[in-house]
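Structural overview for review
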Amino acid sequence: MNLLPLARATRPSLPLSTAAAPLRSGKLSAYGGARIAQPRCRHAADLSASAVAAETPRAGEAPAPSVTAEEEQFDWLDQWYPFAPVCDLDRGAPHGKTVLGLDVVAWYDRASAGGEWRVFADACPHRLAPLSEGRIDDKGRLQCVYHGWCFDGAGACKFIPQAPALGPPVHENSKACVASYPCVVQNNILWFYPRAEPEYKDVLQRKRPPLIPEIDDPGFVNLYGIRDLPYGYDILVENLFDPAHVPYAHKGILRRIRMEDPGRVDYDKEGGGPMQMKTEEANVEGFVSAQERGFFQFVAPTTLVCSPPQETPWVLLVFFCVPVAPGKSRLIWAFPRNVGDWLHNISPRWLYHVIQNLILDSDIFLLNVEERKFATAGLDNWQNACYVPTSSDSMVITFRNWFRKFCKNQIGWATPQVDQLPPIPTKDQLMERYWSHVVQCTSCSAALKAMKALEVALQIASVAVIGFLAVAKGTLVQRAAAVSTAVLCFAASRWLANFIQKNFYFQDYIHAYK
């Protein structure tokens, strides 16, 4: 499928298929769900749906995509979903994540020809222990560490230690294998298709994940990142389609160039102003919106691309929005650019993530509260509860219209989900970075490990210098120099500890003092 030609065009259009059949979506039942067919080796779950915010359009606001009674609704299970950037996946260990309500595990099958990534259901068929807590054995198989069962790249069980060698081959029973999902690496991101039935084995020949050519272009450098977020998929997408919030919610981090507004004499110091936006195309596959400084394109359900005008240096903002569970989502980003490559080559990725995580932290609390207030007001009453009178809100309204028209304000979860938001977290839980980002990022994990080692080394050095002073003789100048060294080492260790805490664990963002 030839997707996202927008990066080299000044006026993008919605993706149309050339290499594969057009996107098709199966009809959802009137109750938002349908029974999934039996997958190979494992029982499939019921397709459930969780209600999310809805709207009632008003006159004069962004037009909703037209839809007829016969038109197909968006099929959440007939889509590709990003698992993680390959640079953040260790080939020597399995990695578990939840996507669309599915618990899945990705692992590198080095036993296959050339080596391939695999995505399985994250449950051993023996006693349903998570395979993501397992290991890759010496034969290159995925091993469950609960009882040692081993699986090959196709999901077939190859070894059950507890089964006698001369007994019946119980490992060959279909109940012993694990569901394997179609997957592919594209744009250096591992994608998977959330259906394991045999008829979907070759789904890649019919449709592919969205393709962003600039990410693979050798003339571009790229920056990847990933973070789990404590609010739902629709809140995440809505927020990314709202550039007007940037100078206010991210004050002190990001700054928006002030837009001229004829007749205005009172400008605030944040630089906010009117933003002209217009939705040019909208259908079940997504929509395209034009604004003063480029285009936004939404390729449903995961991909958002912000493309500047062609005459400006190329810096694309590519976001992949992953529904995880009610009240939970995941953001994967890629920022390809063909400027500043020298800076990219000398700067570690974790240094960029320090700023990018601070950006995400600065509106996490706002969005978590907003989602709960939407639920309280009534999820089918979004636009009556919100006053959105300016063109700056047009992309938000367009997304809400798309979500209502083509999804009936529901996410088609792959497993049954409780239609309820998680318990209200504390602010330090909302903004924690370690589990939501650091453990998922190879660059930040390595930096944290190195900084902790340096912190310990500085503390040891300060103690060692003091000990040396206690037993050694020297001039007053030498002893003063040694004391100064000890103090500097201790102070540096305390500064480093504070830096680690703020950038890898938790840093509050208080808007009143920005």
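In this text the structure is predicted, and so the values were computed from the model without any measurement.

Brief notes about the layout of surface pockets
Counted as a void, the second largest pocket has a volume near 710 Å³. Forming the boundary of the second largest pocket are 33 residues, of which D228, E432, W435, S436 and Q440 lie nearest the centre. Every element with two or more residues in the lining of the second largest pocket is listed here: strand 3 (95–99), strand 13 (224–229), strand 18 (317–325), strand 19 (328–334), helix 5 (349–377), helix 8 (427–430) and helix 9 (442–471). Tallied by class, residues from the lining of the second largest pocket come to 14 nonpolar, 11 polar and eight charged.

A closer look at the packing of aromatic side chains
Evaluated as defined, the whole model comprises 28 aromatic pairs. Between Y233 and F403, the aromatic rings sit 6.5 Å apart at their centres with planes inclined by 50 degrees, giving tilted as the arrangement. One end of the pair, Y233, is in helix 2 (residues 233–240); the other, F403, is in helix 7 (residues 394–407), and 170 residues separate them in sequence. Classification of F403 as buried rests on a relative accessible area of 0%. Seen from their ring centres, F241 and F287 are 5.1 Å apart, and the 40 degrees between their planes marks the pair as tilted. Taken together, the residues F241 in the loop between helix 2 and helix 3 (246–249) and F287 in strand 15 (residues 286–291) connect sequence positions 46 residues apart.

Describing the pattern of salt bridges
Summed over all chains, the structure comprises 14 salt bridges. Here R141 makes a salt bridge to D137, at a shortest N to O gap of 2.9 Å. Neither R141 nor D137 differs from the other in exposure class; each is buried. For R494, the salt bridge goes to E455, with nearest N and O atoms at 3.1 Å. With R494 in helix 10 (residues 476–504) and E455 in helix 9, this pair connects stretches of sequence that are 39 residues apart. Take R494: its relative accessible area is 39%, and that puts it in the partly exposed class. Classification of E455 by relative accessible area gives buried; the value is 15%. Salt bridges sharing partners connect three or more residues here, namely D78, R206 and K207.

Here's the deal with unusual backbone geometry
The omega torsion of the bond from A300 to P301 falls at 0 degrees, within 30 degrees of zero and hence cis. Counting through the fold element by element, P301 comes out in the loop between strand 16 (294–299) and strand 17 (303–307). For L128, which is not glycine, the phi dihedral falls at a positive 65 degrees. For L128, the location among the structural elements is in the loop between strand 5 (116–121) and strand 6 (135–136). Not every positive phi belongs to a glycine, and N409 is a case in point at roughly 60 degrees.

Looking at the sheet that holds strand 7 (residues 142–143)
Read across the sheet, four strands follow the order 6-7-8-9 without closing on themselves; strand pairing throughout is antiparallel. Edge positions in the sheet fall to strand 6 and strand 9 (157–159), since each of these pairs with one other strand and no more. The pairing of strand 6 with strand 7 spans two bridges and is antiparallel. By the bridge assignment for strand 7, R135 is matched with Q143.

Section: the packing of helix 2 against helix 5
Running from N to C, helix 2 and helix 5 point in directions that differ by 125 degrees, and their axes come no closer than 10 Å. If you check the angle between helix 2 and helix 5, you find them oblique. Helix-helix and strand crossings are classified by hand; for helix 2 and helix 5 the assignment is right-handed. From helix 2, I235, E238 and N239 reach across to helix 5, where they touch D363, L367, E370, E371 and F374. Across the contact of helix 2 with helix 5, the residue classes break down as three nonpolar, one polar and four charged.

Considering helix 9
Across its 30 residues, helix 9 extends 44 Å between first and last C-alpha, which sits within 8% of the 44 Å expected from 1.5 Å per residue. S443, C444, A447, L448, M451, E455, L458, S462, V465 and L469 are the residues of helix 9 that are buried. The inward-facing, buried residues of helix 9 abut helix 5 and helix 10.

Here we look at the environment of P323
Mapping P323 onto the fold places it in strand 18. P323 sits in the buried class, given a relative accessible area of 0%. In this structure the C-alpha to C-alpha distance between P323 and Y81, which are 242 residues apart in sequence, comes to 9.1 Å. Once residues within four sequence positions are removed from consideration, P323 is found in contact with W76, Y81, V99, L100, Y233, K328, I411 and W413.

Overview of the sheet that holds strand 11 (residues 183–186)
In a beta sheet, neighbouring strands are held together by backbone hydrogen bonds and run either parallel or antiparallel to one another. If you trace the three strands from one edge of the open sheet to the other, you get 2-12-11, paired in antiparallel fashion. The sheet is open, and its two edges are formed by strand 2 (81–85) and strand 11, each paired on a single side. Between one strand axis and the next, the sheet turns through 30 degrees on average, direction left out of account. Across four bridges, strand 2 lies against strand 12 (residues 189–192) in antiparallel orientation. Of the residues in strand 12, the one forming a bridge with P82 is W191.

Re a nonpolar patch on the surface
A cluster of nonpolar side chains, V315, L317 and V339, forms an exposed patch at the surface whose accessible area comes to about 180 Å². Here V339 is to be found in the loop between strand 19 and helix 4 (341–346).

Details of helix 5
Helix length check: helix 5, at 29 residues, gives a terminal C-alpha distance of 41 Å against a target of 42 Å (1.5 Å per residue), a fit within 8%. When the local axis directions of helix 5 are compared, the greatest deviation, roughly 40 degrees, occurs at I364. At the C-terminal side of helix 5, G378 shows a positive phi close to 115 degrees.

Here's the deal with the confidence of the model for the protein
Mean pLDDT over the protein works out to 83, with 83% of the residues at or above the 70 mark. Across residues 1–62, where pLDDT falls below 50, the model places 196 contacts with residues more than four positions away in sequence or in other chains.

Remarks on the pairing of strand 11
Of the two faces of strand 11, the one lined by V184 and Q186 is fully buried and the one lined by C183 and V185 carries no buried residue. Note: strand 11 against strand 12, four bridges, orientation antiparallel. Note that in strand 12 the partner of V185 across the bridge is L190.

How each quantity is defined
Residues numbered from 1 in each chain as written. Predicted model: local features only at pLDDT ≥ 70, side-chain atom pairs only at ≥ 80, totals over all residues. Heavy atoms only, no water. 1 Å grid on protein atoms, 1.4 Å probe; cavity = no way out; pocket = protein on both sides within 12 Å on 5 of 7 lines; lining within 4 Å. Points joined across faces, edges and corners; volume = space filled by probe spheres on them. Helix = DSSP H or I, 4+ residues; strand = E, 2+ residues; numbered from the N terminus. Nonpolar A, V, L, I, M, F, W, Y, C, P; charged D, E, K, R; others polar. Phe/Tyr/Trp six-rings, centres within 6.5 Å; stacked < 30°, edge-to-face > 60°. Buried < 20%, exposed > 50% of the residue type's maximum accessible area, 1.4 Å probe, protein only. Salt bridge = Lys/Arg side-chain N within 4 Å of Asp/Glu carboxyl O. Pairing = 2+ DSSP bridges. Axes fitted to C-alpha atoms, helices over the stretch in contact; angles between N-to-C directions. Parallel < 35°, antiparallel > 145°, perpendicular 65-115°, else oblique. Left-handed = near helix turned anticlockwise from the far one by under 90°. Contact = heavy atoms within 4.5 Å. Expected span 1.5 Å × (residues − 1). Patch = residues over 30% accessible without salt bridge, like charges linked within 9 Å, V, L, I, M, F, W, Y side chains within 5 Å. Areas by Shrake-Rupley, 256 points an atom, 1.4 Å probe, with all protein chains shown as cover. Bend = angle between axes of the 7 residues up to and from the residue. pLDDT = per-residue confidence, 0-100.

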